Amino acid sequence: MNELVRRHTTLTGADVEWLHLLVSEWQLLSDLSFADLVLWIPTWDGIRYVSVAQMRPNTGPTSYQDDMVGHLVPRGRRPLLDAAFDEGRIVREGDPEWREEVPVRVESIPVRREGRVLGVIARNTNLLTVRTPSRLELTYLQSASDLAQMIAAGTFPYPGEQVDMDAAPRVGDGLIRLDADGIVTYASPNALSAYHRLGLTTDLLGGHLGRTTAELVPPSRGPVHEALVKLASGWAPRQTEAEAQGGVVSLRAIPLKPKGVHTGSLVLVRDVTELRRRDRELMTKDATIREIHHRVKNNLQTVAALLRLQSRRMDSDAGRLALDEAVRRVGSIAIVHETLSQTLDEQVAFDEIADRVLAMVMELSQDGQVATRRSGSFGILPAEVATPLAMILTELLQNALEHAFGPKAAGALEVSALRGRAPASGTGWSESWNGGARPAEYLLITVQDNGRGMPEGFDPQQAGNLGLQIVRTLATGELGGSFDMVAAPGGGTKVVLEIPVP
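Residues numbered from 1 in each chain as written. Predicted model: local features only at pLDDT ≥ 70, side-chain atom pairs only at ≥ 80, totals over all residues. Heavy atoms only, no water.

1. Section: the packing of aromatic side chains
Evaluated as defined, the whole model comprises four aromatic pairs. Ring geometry for Phe34 against Tyr140: centres 5.6 Å apart, planes inclined by 25°, an arrangement best described as stacked. Separated by 106 residues along the polypeptide, Phe34 in the loop between α3 (27-33) and β1 (36-42) and Tyr140 in helix α5 (residues 135-153) bring together distant segments of the chain. Under the relative-accessibility criterion, Phe34 is labelled buried at 16%. Considering the side-chain rings of Tyr49 and Phe85, the 6.4 Å spacing of their centres and the 80° angle between planes classify their relative orientation as edge-to-face. Remark: Phe85 occurs in helix α4 (residues 79-87) and Tyr49 occurs in strand β2 (residues 48-55); sequence separation between them is 36 residues. (Phe/Tyr/Trp six-rings, centres within 6.5 Å; stacked < 30°, edge-to-face > 60°. Helix = DSSP H or I, 4+ residues; strand = E, 2+ residues; numbered from the N terminus. Buried < 20%, exposed > 50% of the residue type's maximum accessible area, 1.4 Å probe, protein only.)

Here it is as structure tokens:
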């Protein structure tokens, strides 16, 4: 819509926002009318109309088999459009049109905002299946007529109403029609079934919907807020939920003011009991998973504390160093679980983890005066990648501090990350990831120092201590990536990791 309006019309940004609000709501008008809707806007030169949006009904057959969005028609070809736009009134005159042997009744509804007519809604009803309407259909059509008059007057949609249209009840879910006093004049079978789910044992017809709804809410849930009574009475354009006897019903009220006077209301009703039950189950599972991560983190921190105590009681320097390395490894895993315990899914922003791992390694290696820095972004990573990657980063940083710089030596250590498209085959990548095709994205990580460099003849793929063995195993085996160590330009060592991102 934005592109069509920008290209063909002179509407302002506020006008376009009004049209977007209308289009977000007009499924309601389409379903109540059993008709297709097409929004036509006059072009900047005033000699044509351009169709910028289209809606088909869920309650009846369509009148348009083809997509109408983007079509241009000259003024004069469709007289009902001209009359509605020029005179600012709903136009219903004229005989039905025949489209592919289907009779179609065409009506035009002007779209008004702040006294100006922005465009016209063409309402097209397929008459092929017309029959004597039922009470439900008559209520639908009367409600559609009221909404059309409000659109023509510029009083619908309600600009201040915040409604999640994906979760809001629709016409087919259940509809209740109220008079000006909030008394039910009609309730569809689906709406009545939804209220029976709340514990209603009588009929809704003739009762005050607000008071009836309030009486169904059990006292154990606390005092009933006046807003529920007001909303269920149809006086405010709002959406809420009522819960009773294990049932949950979503309510959306739409006041009807076709001539500027409140004449009644529509209340759309949907039984969302099963949806809310599944939502609660998912919330419980999410909370359980976060609690598990929190407990794992606590247990790992306890293990690290015990190792640290044992290290302080060691007489052997080699044993003490080994326990200190174990503390760092356990700590890196604990950091990942702590981050996972604060998220709603198994995804983590790894930049924070990298910074904490870097701080932890430097805190436990305070002998030197090495300046550290991180550049680039790791992005969001799944837990199955984040945990081994945190261990890899810990080992590489510790290895650099131990072997690149001497005791009390100053230097610089930088960690960088880059995410992008996967390189071509033959660059050291694993040809599969989790049993499937090679991924479309990769993560390139470098750890570079300006220290003494690698010894002569050092082979990073074969030689090295336990830390490098862990890095090779995790990088190439568990993560399906590649690992290499090369001489850094200007001296020092550069470690390069390429890891597929699922």
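That shown, we press on.
2. Some words on empty space enclosed by the protein
Across all of its chains, the model carries one cavity of 30 Å³ or more by this definition. As for the largest cavity, its lining consists of Glu325, Arg329, Glu395, Leu396, Gln398, Asn399, Glu402, Asn465, Gly467, Leu468 and Val471. Looking at the lining of the largest cavity, the elements with two or more residues in it are α10 (317-340), α12 (383-403) and α13 (466-478). A per-element tally of the lining of the largest cavity places α12 first, with five residues. Partitioning the lining of the largest cavity into residue classes produces three nonpolar, four polar and four charged. (1 Å grid on protein atoms, 1.4 Å probe; cavity = no way out; pocket = protein on both sides within 12 Å on 5 of 7 lines; lining within 4 Å. Points joined across faces, edges and corners; volume = space filled by probe spheres on them. Nonpolar A, V, L, I, M, F, W, Y, C, P; charged D, E, K, R; others polar.)

3. So, the packing of helix α11 (residues 350-363) against α12
One can describe the packing of α11 onto α12 by two numbers: an axis separation of 10 Å at closest approach and a directional angle of 35°. Considering the relative orientation of α11 and α12, their crossing is right-handed. When α11 is examined against α12, the residues Phe350, Ile353, Ala354, Val357, Leu358, Met360, Val361 and Met362 are found in contact with a partner set consisting of Ala386, Leu389, Ala390, Leu393, Thr394, Leu397, Gln398 and Leu401. Classifying every residue of the contact of α11 with α12 gives 14 nonpolar, two polar and no charged. (Axes fitted to C-alpha atoms, helices over the stretch in contact; angles between N-to-C directions. Left-handed = near helix turned anticlockwise from the far one by under 90°. Contact = heavy atoms within 4.5 Å.)

4. So, the sheet that holds strand β17 (residues 482-487)
Across the sheet, five strands lie side by side as β13-β15-β16-β18-β17; this open sheet has mixed pairing. The sheet is open, and its two edges are formed by β13 (369-376) and β17, each paired on a single side. Each adjacent strand pair in this sheet contributes to an overall mean axis angle of 15°, direction not counted. Sheet topology note: the β17/strand β18 (residues 493-501) ladder contains six bridges and is antiparallel. When the bridges of β18 are listed, Phe483 appears paired with Leu497. In the packing of α11 onto the sheet, the strands contacted are β13 and β15 (410-421), and the crossing angle to β13 comes to about 175°. Against the sheet, α13 touches β17 and β18, its axis set at about 135° to β17. (Pairing = 2+ DSSP bridges.)

5. Describing the environment of Tyr442
Among the secondary structure elements, Tyr442 is positioned in strand β16 (residues 441-449). For Tyr442 and Gly481, which are 39 residues apart along the polypeptide, the C-alpha to C-alpha distance reads 8.9 Å.

6. Notes on the pattern of salt bridges
Under the counting rule described, the total for this entry stands at 26 salt bridges. Between Glu97 and Arg99 there is a salt bridge, and its shortest N-O distance comes to 3.0 Å. Accessibility expressed as a relative area gives 35% for Glu97, which makes it partly exposed. Arg99 sits in the buried class, given a relative accessible area of 18%. One connected set of salt bridges, linked through shared partners, spans Asp15, Arg113, Glu114 and Arg116. (Salt bridge = Lys/Arg side-chain N within 4 Å of Asp/Glu carboxyl O.)

7. Details of the sheet that holds strand β4 (residues 97-99)
With respect to topology, six strands assemble into an open sheet ordered β3-β2-β1-β6-β5-β4, the strand pairing being antiparallel. Bordering the open sheet on either side are β3 (72-74) and β4, each of which pairs with just one other strand. Averaged over all pairs of adjacent strands, the angle between strand axes in this sheet comes to 40°, irrespective of strand direction. The pairing of β1 with strand β6 (residues 116-126) spans five bridges and is antiparallel. Residue Asp36 lies in a different strand from β6, and its bridge partner there is Asn124. The sheet contacts of helix α2 (residues 13-25) involve β1, β2, β5 (102-113) and β6, and relative to β5 the element is tilted by about 135°.

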